[in-house]
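# Structure at a glance
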Amino acid sequence: MATFYLVRHAEKEKAIGDVSITSAGRWQARKTACHFSRLPVSLIVTSPLRRAKETAEYIARSAKSGLEVDHRLRERANWGDLPEQSFEEFVEMWERSTRDPDYMPPVGDSAKQAGERLALVLSELAVKYGSGSSIVIVTHGGLITDFLVHAVSEDQLNLWHPSFIEAQSSLIPECSVTTLHYDRNACKIAAFASVGHLKPEDPI
């Protein structure tokens, strides 16, 4: 059995395009890095987008682990991918994609395709690194829920949050950690969107 830690990137700048993390996000990333410094980490794999890469770099330095970039870990779509798209138009496109996983937006992937991308990454890593491995995946909140809705039964999802599918867009805070136990292409959620490591009273 392999263990995967799905980490949403730290808080990002509120601007169009491939933005960096904020000062608050850097604090979140340091706290998350401190958390993983206490755990065995076989590998860290990150989305290519800056907010994820910057978060992952903090974790890699603290965990003293290798860091790889996988373009399949990018978000379903990013504001700025479609020229001249307003933020309101982006949100409308995003929400439609969330409601209808098969909907093909004018840019990016459907929610179903995005979930399948992450599923393939996990499957390949589980085969490559084998039983007993612990792998940190730094990615995006939408991709995490796209995967979970694709790969986990609704009954299991609803154990973690009532009406999970309807509420999915609000369930993954920045730098939260969702822990999966993965065996023979089947995954079980061991912890969902945990943020206990972000308590401000804990030292960094």
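Everything discussed here concerns the structure shown above.
What comes next concerns the included structure. Everything numeric in this text was worked out from a predicted model, so none of it was measured.

## Quick word on the sheet that holds strand β2 (residues 43–46)
Pairing is mixed across the open sheet formed by six strands, whose spatial order is β3-β2-β4-β1-β5-β6. The sheet terminates laterally at β3 (67–69) and β6 (186–194), the two strands that pair on one side only. Within this sheet the neighbouring strands show an average axis-to-axis angle of 20 degrees, counted without direction. Bridge analysis of β2 against strand β4 (residues 134–139) gives four bridges, and the strand direction is parallel. Each residue of the ladder has a partner; that of V45, found in β4, is I137. Along the sheet, helix α5 (residues 141–151) makes contact with β1 (2–8), β4, β5 (177–183) and β6, crossing β1 at roughly 140 degrees.

## Comments concerning helix α2 (residues 50–63)
For α2, with 14 residues, the first-to-last C-alpha span of 20 Å sits near the 20 Å given by 1.5 Å per residue. Every buried residue of α2 is accounted for by R51, A52, E54, T55, A56, Y58, I59, A60 and A63. Residues of α2 that are buried in the fold lie against α1 (23–36), β2, β3 and β4. Positive backbone phi, at 55 degrees, marks K64, one or two positions downstream of α2.

## Side note on the packing of α1 against α2
One way to put it is that α1 packs onto α2 with a least axis distance of 8 Å and a crossing angle of 35 degrees. Crossing geometry of α1 relative to α2 is assigned as right-handed. Between α1 and α2, the residues in contact are R26, A29, R30, T32, A33, C34 and F36 and T55, Y58, I59, S62 and A63, respectively. Taken together, the residues of the contact of α1 with α2 break down into seven nonpolar, three polar and two charged.

## Quick word on the layout of surface pockets
If you add up the space inside the largest pocket, you get close to 750 Å³. What lines the largest pocket is a set of 29 residues, among which R8, K12, F87, F90 and W94 lie closest to the centre. Counting residues per element, the ones that place at least two in the lining of the largest pocket are α3 (87–99) and α5. At six residues, α3 tops the list of elements feeding residues into the lining of the largest pocket.

## Concerning the state of the cysteines
For the structure on display, the rule yields zero disulfides. The thiol of C175 is unpaired, and the distance to the nearest cysteine sulfur, on C34, comes to 13 Å.

## Re the side chain of S97
With respect to the helices and strands, S97 occurs in helix α3. Using a relative accessible area of 2% as the deciding quantity, one classes S97 as buried. With sequence-adjacent residues up to four places away left out, S97 is seen in contact with R76, Y103, P105 and A111.

## Some thoughts on the environment of A24
Topologically, A24 is positioned in helix α1. A24 sits in the partly exposed class, given a relative accessible area of 36%. Distance in space between the C-alpha atoms of A24 and V107 is 30 Å, their sequence separation being 83 residues.

## Points about unusual backbone geometry
One non-glycine residue with positive phi stands out, namely K64, at about 55 degrees. With respect to the helices and strands, the residue K64 is situated in the loop between α2 and β3. Even without glycine at this site, A193 takes up a positive phi of about 50 degrees. As for its placement among the helices and strands, A193 is situated in strand β6.

Definitions and limits used
- Residue numbers run consecutively from 1 along every chain, following the written order of its sequence.
- Reporting of local features is limited, given that this is a predicted model, to residues whose pLDDT is at least 70; pairs of side-chain atoms are given and counted only at 80 or more, and all residues count toward the totals for whole chains, interfaces and linings.
- In computing side-chain properties, one takes all heavy atoms of the structure into account and sets aside hydrogens as well as water.
- Two strands qualify as a pair provided that DSSP identifies no fewer than 2 bridges between them.
- Elements are defined by DSSP. Helices are runs of H or I of four residues or more, strands are runs of E of two residues or more, and each kind is numbered from the N terminus.
- Only the contacting stretch of a helix is used when fitting its axis, a line to C-alpha atoms as for every element, and angles between N-to-C directions run 0 to 180 degrees.
- Note on definitions: a residue-residue contact is assigned when non-hydrogen atoms from the two residues lie within 4.5 Å.
- Multiplying 1.5 Å by the residue count of a helix minus one yields the expected span of that helix.
- Any residue under 20% of the maximum accessible area for its type is buried, any over 50% is exposed, and the rest in between are partly exposed; the area is computed with a 1.4 Å probe on protein chains only.
- By convention the crossing between two helices is left-handed if the near helix lies anticlockwise of the far one by an angle smaller than a right angle, and right-handed if it lies clockwise.
- Basically, the charged four are Asp, Glu, Lys and Arg, the nonpolar ten are Ala, Val, Leu, Ile, Met, Phe, Trp, Tyr, Cys and Pro, and anything else, Gly included, counts as polar.
- Grid points spaced at 1 Å over the protein atoms alone were grouped into cavities, where a 1.4 Å probe fits but cannot get out, and pockets, open sets with protein on both sides within 12 Å along at least five of seven lines, with lining residues defined by an atom within 4 Å of a point.
- Grid points are joined across faces, edges and corners, and a volume is the space filled by probe spheres set on the points.
- Note that a disulfide, as used here, is simply two cysteine sulfur atoms within 2.5 Å.

So far we have only geometry, and geometry alone does not tell us how the molecule works.
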